[in-house]
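Fold and geometry: a report
Listed below, chain by chain, are the residues.
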Amino acid sequence: MQHNDAYLINKSGKQRMLSQRLSKLTFIAHNDKNLLPRHVISDSIYQLSEELKTSHLFLFNEYIKTDHSAKLDSLFSIVDSNLKLLIKESKDLINATVYNRSNMAKFRATELAYLFAMDAIVNEYQKRAESNLKQIEYNFYKISGLCVIIMITGFFFLWFPNIRLLLAKNKDLEISNTRLKKTQSLVDKNLEELDQLRFDLEQKEYYNQIFISQAAPSLAMLDKDMKYIAVSEKWKKTYNKENVEIIGKSHYDIFPEIGDDWKANHQKCLNGYIDVCEEAPFVRADGTVQWIFWDVRPWYLSDGKVGGLLMYTGDITKQKEERLAKEKVEQILKSTSEVAKIGTWELDVKSDKLTFSPMAKKFLKIKSDKQLYGNRSLFLYKDGASRKKIIKAIQTIKNTGKPFDLELEVITSDREHIWVRDIGKAEFVDGECVRVFGVVQDITYLKQAESKLLKQNELLNFAEKINNIGHWILDTKSDKITWSSSMYDVSGIDKDVKIDKNTLLEMTHPDDVDLLINHMKQTMTNKCFDGELVHRIVVSDGSVKTVSVLGKVIKDSNDEICEIIGTCQDITKQRMAEIKFKGLLESAPDAMIILNANKRIHLINKQAEKMFGYTYTELLDKKIEILIPKRIVGNFKIYKDNYFEDPKSIGMGENKELIGVNKKGEEFTVQVSLSPVETEDGLLVSAAIRDVTKQKEDKQKIISANKNLEHLADKLIAQNMQLADFAQITSHNLRAPVSNLNSLLDMYDLSVDQLEKEEVIYNFKKVTSHLTLTLNTLVQALKVKNDRVSQSNVFFDETLYKTKELLAAQIIKTKANITFDFSEINKISYNKIYFESIFLNLVENALKYRSQTRTPEIHVWTTKVDGKAVLHIQDNGLGIDLNRHRHKLFGLHKVFHRHPEAKGVGLFMTKLHVEALGGKITAESVVNEGSTFIINFNK
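In this convention, every chain numbers its residues from 1, walking through the sequence in written order. The predicted nature of this model means local features are confined to residues of pLDDT at least 70 and side-chain atom pairs, given and counted, to a pLDDT of 80 or more, with totals for whole chains, interfaces and linings taken over all residues. Values shown for side chains rest on all heavy atoms present in the structure; no hydrogens or waters enter the calculation.

Time to look at the pattern of salt bridges. Note on definitions: salt bridges are taken to be side-chain nitrogens of Lys or Arg within 4 Å of carboxyl oxygens of Asp or Glu. What the rule picks out here adds up to 24 salt bridges. Of the charged contacts in the structure, one is a salt bridge between glutamate 257 and arginine 284, with a shortest N-O distance of 2.8 Å. On the criterion of sequence distance, the pair formed by glutamate 257 in the loop between α7 (251–254) and α8 (260–269) and arginine 284 in the loop between β3 (275–283) and β4 (289–300) is long-range, its members being 27 residues apart. Where lysine 365 meets glutamate 416, a salt bridge forms, and the shortest distance between an N and an O atom there is 2.9 Å. Of this pair, lysine 365 sits in the loop between α10 (358–364) and β8 (372–373) while glutamate 416 sits in the loop between β9 (404–411) and β10 (417–429), placing them 51 residues apart in sequence. Under the scheme applied here, a residue whose accessible area is under 20% of the maximum for its type counts as buried, over 50% as exposed, and between as partly exposed, the area being computed with a 1.4 Å probe on protein chains only. For glutamate 416, a relative accessible area of 35% gives the class partly exposed. We count a stretch as a helix when DSSP gives it H or I for four or more residues in a row; a strand needs E for two or more, and each element gets its number in order from the N terminus.

Okay, structure coming up:
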């Protein structure tokens, strides 16, 4: 029973603790809706409510099993109703959208009623436990007394020791029970202190989070893993994260655009570093740039260790943009001031001090450190009208405050005359002028331009009179027509006559009225004055004039015509001259085309119409390139532009032949003569064109015959040159052996003893042998030059293979490595004997004249050059000094190395074999590196 009472007391205390946890969680969640996620709070409330219900049901069931009392029945009834109300009100507060003080107070009252009832139940259980303990003690003593009475007689004999032991145990039990009570009291006290500490800690943490979340600046608190513990509303708003769940998430997940350099700084801050930055660009994930400042520093736990980071940041994008905009405006104003040459000035009326801005001092040529005064600065203004104007304006503005805007002539310190625009205003205090200030601008260039414009207008008027030109303006909104004075002269109308559209129609020749009306309609429809309008007018004396009208359409912002401006020129004389000129063109036997200064067709004659198949109207104002094939237009245009830059007369046949193309697209050869003509309208170019197709065909036949004769002559010359070379070679190579034979014969006649004669005979045989070899070589060379050789298909790889077989002993002996590549071309038509001789001579020479310090490497390959087969034979042998021997490289008996088998015949014969069939052989060589022989077979 005692154990059961202790258990019920403990269970009641736990019930009280659960209700306090429920109360704290409800208070925290209701006070800050964003501190924890909604589903987490709901789950926690639900779990605590269920645990409270279960515990309460257990207590009640245990109570039913025991003896009832009116007080406990009443207390359990109070606890039951308050528990239900407590759970209900906690859920209502959690689901509430805003903080409600009265509901919270009601909840606290229900909680206190529940806690007081539970405390009363615990007290009742403790009283019952004490009563039960006393009853146990009473029963124990009663049973002990009975035992004593029953067993008194045998106490000393049998039970006395056991009774003593039992009493001792009972005493120990009382001591243990007392200690248990003290321990239970201490445990309860410790549990209460622990609950209070936990509550205080939770409250402290809660208030810290409330402080951060409701703080005015942008604050964020992160743990050591860079996960958010708390953030202020300002932080969320600054970074557009109002609707994003942040608490518990990584800083780098919320801002994935953060770079490695910022992450490195965060790690430094986690080690105690404080990172402060006044401004820096933050490139967001969407590409926008946000300018921010920050103060990042660590926060510490109670043991002094870093618990995470505190971030204080702010968005200064707007301030940054405003500052940049302000700097830009200031720069623009400064640049504008410099470009427009605008400065400021200020006159202190009391002290008479006159101050100019740096720009004003610059164009007025005033020293930067010089102090000016109003009355003593009048020397700046030119004596006369300008000085009088400024003196009067200053006096007037001081007295009346009337501002001034003057154009004045100024003389700078270096005696330069400039014009300025001076604008001034006054500042009055208590009715008295205390300050005069304004701006001054250098308008010298405007004055110069104005003067120049006046002169140009005068010159324009002179030019209009001289060239019979007038200008006109048509205001399409009011139908008002304005003429220049020269326009009246051109039209022969009195200047007092008001000009309107009817006036224009009345003065137009009757036959040209429709032409004028149609052109006016087309201009209004197309909103463009198309080309030149040439028509006739009838002047007041009845004479007829031809005029040329040019115009330009001026449109407003709505793309509607607001004005048409133009010129009108009397071209009667030019028209008559043109008619005469055209008559001359028609009489010309050749096709004639006249180009104007714009390089376009101005006139053609009937011969040109016949040659090209176009009418005059079809070619008028067209580019001359329409008569040229498209493939040569580019080159022709360059030639035409060059001619117009430097025009000169070119007679028929002096120029290159050109190709013309008619309307049908048929091409034909032409010759052109060009003549520049200077007219009042500018440069004209007259082109006389003649079809020379037949003459070219005849010329081509003559040229072809001449080429055949030239080819025959070249062939005869080549054969004569070969014979001359052969005669020279023969003379050169036979002279020495024959001379040696004659000398040996003389020596033989002069010899006395037999030994001398035998030595002469030996040398005689030796010379005879060389002479025989030379004669055989020359005979073979002559045969190569004169014989017609047969040709057949020969293969490069087969010929090289045969050559390697013939030279197998030398290849093995020298360990030579011969490689080849005939992939580009492997077959040509050639004389087989010559072809094999070329391979044999060149490969044998590569082995013969090899370097003694390296293994012979011979590479043979073919290429195609302009469709012709080319053979390359390269070695890494001794090489030849071509600077010394190039001219005699392929000569007979020319050797370039000391070799016992060198005879100077191989390259000589190779050259003969190559050139006999129209080929060519060349060589490239570097001493001690090797040689490359290149044979172009011309096939």
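There's plenty left to go through after this.
Inspection of the sheet shows β9 paired to β10 by 8 bridges, in the antiparallel sense. Residue valine 410 lies in a different strand from β10, and its bridge partner there is isoleucine 418. Strands qualify as paired when DSSP identifies two bridges or more between them. With antiparallel pairing between neighbouring strands as the criterion, β9 and β10 make up a hairpin whose turn holds 5 residues, including arginine 415 at a positive phi of roughly 70°. Note: β10 against strand β11 (residues 432–442), 10 bridges, orientation antiparallel. Residue valine 429 lies in a different strand from β11, and its bridge partner there is glutamate 432. Between β10 and β11, which pair antiparallel one after the other, the connecting turn spans 2 residues, and aspartate 430 there sits at a positive phi close to 55°.

Relative to the 24 Å expected for 17 residues at 1.5 Å per residue, helix α24 (residues 832–848) spans 24 Å between its end C-alpha atoms, a close match to the ideal helical length. Every buried residue of α24 is listed here: Tyr834, Phe835, Ser837, Ile838, Phe839, Asn841, Leu842, Val843, Asn845, Ala846, Leu847 and Lys848. Polar contacts here mean pairs of N or O atoms no more than 3.5 Å apart (in protein, one a potential hydrogen donor and the other a potential acceptor; neighbouring residues in sequence count only if both atoms are side-chain atoms). For α24, the side-chain oxygen to backbone nitrogen distance between the N-cap and isoleucine 833 is 3.1 Å, and the N-cap itself is asparagine 831. A helix's residues, less one, multiplied by 1.5 Å, set its expected span.

Our focus in this paragraph is the nonpolar core. Judged by nonpolar contacts, the single largest core of 36 residues is most densely connected at Ile828, Tyr830 and Phe937. Broken down by secondary-structure element, the contributors of at least two residues to this core are α22 (796–806), β24 (827–830), α24, β25 (857–865), β26 (868–874), α26 (906–916), β27 (920–926) and β28 (930–936). Among the elements that line this core, the one with the most residues is α24, at 8 residues. Whether two residues touch is decided by their heavy atoms; if any such pair falls within 4.5 Å, the residues are in contact. Look past the residues within four positions of isoleucine 828 in its chain and what remains in contact with it is Ser792, Asn793, Val794, Phe796, Phe835, Ala869 and Phe937. As used here, the term nonpolar core means buried Ala, Val, Leu, Ile, Met, Phe, Trp, Tyr and Cys residues forming a set that is joined through side-chain atoms within 4.5 Å.

With antiparallel pairing, 5 strands are arranged side by side in an open sheet as β2-β1-β5-β4-β3. In this open sheet, the two strands that pair with only one neighbour each are β2 (228–231) and β3. Averaged over all pairs of adjacent strands, the angle between their axes in this sheet comes to 25°, without regard to strand direction. In this analysis an axis means a line fitted to C-alpha atoms, helices contributing only their contacting stretch, and an angle means the value between N-to-C directions, from 0 to 180 degrees.

What follows deals with the confidence of the model for the chain. Confidence of the predictor at the level of single residues is captured by pLDDT, which takes values from 0 to 100. In this model, the chain carries an average pLDDT of 77, and 72% of its residues clear a pLDDT of 70 or more. Confidence, expressed as mean pLDDT per element, reaches its minimum in the chain at helix α5 (residues 155–213) with 56 and its maximum at strand β23 (residues 817–821) with 94. Note that residues 199–216 has pLDDT below 50 and, in this model, 26 contacts with residues that lie over four places away or in other chains. A low-confidence stretch, residues 724–729 (pLDDT under 50), is modelled with 7 contacts involving residues beyond four sequence positions or located in other chains.

Moving on, we get to the packing of α24 against α26. Interhelical geometry of α24 versus α26 gives an angle of 150° and a closest axis separation of 9 Å. Here α24 and α26 pass one another in a crossing that is left-handed. Judged by residue contacts, Tyr834, Ser837, Ile838, Asn841, Leu842 and Asn845 of α24 engage Gly906, Leu907, Met909, Thr910, His913, Val914 and Ala916 from α26. Taken together, the residues of the contact of α24 with α26 sort by class into 7 nonpolar, 6 polar and no charged. A crossing counts as left-handed when the near helix is turned anticlockwise from the far one by less than a right angle, and as right-handed when that turn is clockwise. Under the convention adopted here, Pro, Cys and the residues Ala, Val, Leu, Ile, Met, Phe, Trp and Tyr are nonpolar, Asp, Glu, Lys and Arg are charged, and Gly plus all remaining residues are polar.

This part takes up the sheet that holds strand β20 (residues 667–679). Sheet architecture is open: 5 strands sit in the order β18-β17-β21-β20-β19, paired in antiparallel fashion. Each of the sheet's edge strands pairs with one partner strand only, and the pair in question is β18 (601–604) and β19 (658–661). For this sheet, the mean inter-axis angle between neighbouring strands, taken without regard to orientation, is 40°. As paired elements, β20 and strand β21 (residues 682–691) share 10 bridges and run antiparallel to each other. Bridging across to β21, valine 677 finds its partner in leucine 684. In the packing of helix α19 (residues 633–645) onto the sheet, the strands contacted are β17 (591–595), β19, β20 and β21, and the crossing angle to β20 comes to about 20°.

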